[in-house]
Amino acid sequence: MKIQKTELAQKLNKIKSVVPKKTTQAVLQGILVKDGYLIANNMEMTVKAKIEGTEGESFIIPERAFDLINNLPDGDMEISAAKKTITIKADKIKNKYQTMEADQFPLPPEWEEGSELTIKSDVLLEAVRRVSYAIPALCNTPAVSSMCLQAAGGELNFVGLDGHVLAWDKVRYDGEFELLIPKNTVDKLKTIGLSGEVQIKHNNVGVVFITEEFEVYTRLVAGTYFKYKSLFKELPLHTAVSKEALLDAMVRAKMCTEGRCPVRFELDKSTLNLSMKDKMTDYYETVDLQEEMPKALAIGFDARLVLETLKAFDCKNVKLSFDSPKIPMLVEAEDSDFKAIVLPVAIK
């Protein structure tokens, strides 16, 4: 087959991270070209990328060929496949690779039954990006290492939590279901380049996200998600602050410290006195509040979690709510339903 090198390289780069580094099935350490798609599979997630000019083809590009394809000169390239080899040609360049037989490559199951919904890609990606920082990479509880996509009460909820921070976004939707999406799939949805409308099909064991260019299939995480809504309670102490002002202050303070030094918030009337102290530094900065605090409060947080939480917000200002030094801080967007809670830490 003949194909534009640039188009092939771009699509390969979008899905090659799905290819497993270690596997008992050697055939998975390559990308299948089949009937107009590039297909990568690690047995937990399968990603298909549409690519013109490959209709009727069926062969595997081995992982060791990816770098060569990326470094070929722009223009036409040619790939010819035999039973267990492929040959790549471009300009004066030619190389032959040993590969596996295409019919050994496992494909995602045909979608026979289940439910589906359609959502705009920008709405989906915005919500996924906002809550994904709160999903831990490693956790003893599989359900926590996932994003909860839950439809209930006329809302489609996106939730991530790791025991120290909880992020929740939502959009309008009529339906009822709960899907636990693995973190690796969440990360791939953020980076693959979804556009247009996204069709989401799901059943009891899996879910697929479909656009004109890509299809992302994944197994669902088994289990029941934490009852997160009960933690978002009305708190008595309210104020608001410029998101950028607080974020910039946190960045400056964090760069002056080492390790997991906690940040101390002292809120009094119209000021937030932010401080971090360890063996190396004694940082202090004052940030103006936009609403006067009803009473003074001193509370500590893991500085990293405060930084990551603030970065998830897109709005100009955020609302902050408190109760006591032992009750989590509630952070809310001024222009959307996105909100997060950050658990406090003990401070001297």
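Above this note sits the structure.
Note that the structure is a prediction, hence the values are computed from the model and not measured.

Draft legend 1. Local environment of the overall build of the protein. Helix and strand counts for the protein come out as 6 helices and 25 strands. Each principal axis of the C-alpha distribution contributes one length, and for the protein these read about 75 × 45 × 35 Å. Counting across all 348 residues of the protein, residues that qualify as buried make up 51%. Considering only intrachain contacts with a sequence separation of at least 6, the fraction spanning at least 24 residues in the protein is 63%. A total of about 17400 Å² of accessible surface is found on the protein, and carbon and sulfur atoms cover 48% of it. In the protein, which carries 46 positive and 51 negative side-chain charges, the distance between the mean positions of the two groups comes to 6 Å.

Draft legend 2. Broad picture of the sheet that holds strand β12 (residues 165–172). Ordered by their spatial adjacency, 8 strands build an open sheet running β13-β10-β11-β12-β24-β23-β22-β17, and the pairing between neighbours is antiparallel. Two strands in the sheet have a free side with no partner beyond their single neighbour: β13 (177–182) and β17 (237–242). Sheet twist, expressed as the average angle between the axes of neighbouring strands with direction ignored, equals 20 degrees.

Draft legend 3. Examining helix α5 (residues 243–255) more closely. With 13 residues, α5 extends 18 Å from end C-alpha to end C-alpha; this agrees with the ideal 18 Å at 1.5 Å per step. Those residues of α5 that fall on the buried side of the exposure criterion are Lys243, Leu246, Leu247, Ala249, Met250 and Ala253. Taken down its axis, α5 places every buried residue within 160 degrees of arc, on the same side. Residues of α5 that are buried make contact with β17, β18 (262–268), β19 (271–277), β20 (282–288), α6 (303–311) and β22 (317–322).

Draft legend 4. Region of interest: empty space enclosed by the protein. As enumerated under the stated definition, the model contains 1 cavity of 30 Å³ or more in all. In this structure, the largest cavity occupies an estimated 40 Å³ of space. Taken together, Leu246, Phe265, Val306, Thr309, Leu310, Leu320, Met329, Val331 and Val342 make up the full set of residues lining the largest cavity. Secondary-structure elements contributing two or more residues to the lining of the largest cavity are α6 and β23 (329–333).

What counts, and at which threshold
Residues numbered from 1 in each chain as written. Predicted model: local features only at pLDDT ≥ 70, side-chain atom pairs only at ≥ 80, totals over all residues. Heavy atoms only, no water. Helix = DSSP H or I, 4+ residues; strand = E, 2+ residues; numbered from the N terminus. Buried < 20%, exposed > 50% of the residue type's maximum accessible area, 1.4 Å probe, protein only. Contact = heavy atoms within 4.5 Å. Areas by Shrake-Rupley, 256 points an atom, 1.4 Å probe, with all protein chains shown as cover. Lys, Arg positive; Asp, Glu negative; His and termini not counted. Charge placed at Lys NZ, Arg CZ, Asp CG, Glu CD. Pairing = 2+ DSSP bridges. Axes fitted to C-alpha atoms, helices over the stretch in contact; angles between N-to-C directions. Expected span 1.5 Å × (residues − 1). Arc of directions from axis to C-beta. 1 Å grid on protein atoms, 1.4 Å probe; cavity = no way out; pocket = protein on both sides within 12 Å on 5 of 7 lines; lining within 4 Å. Points joined across faces, edges and corners; volume = space filled by probe spheres on them.

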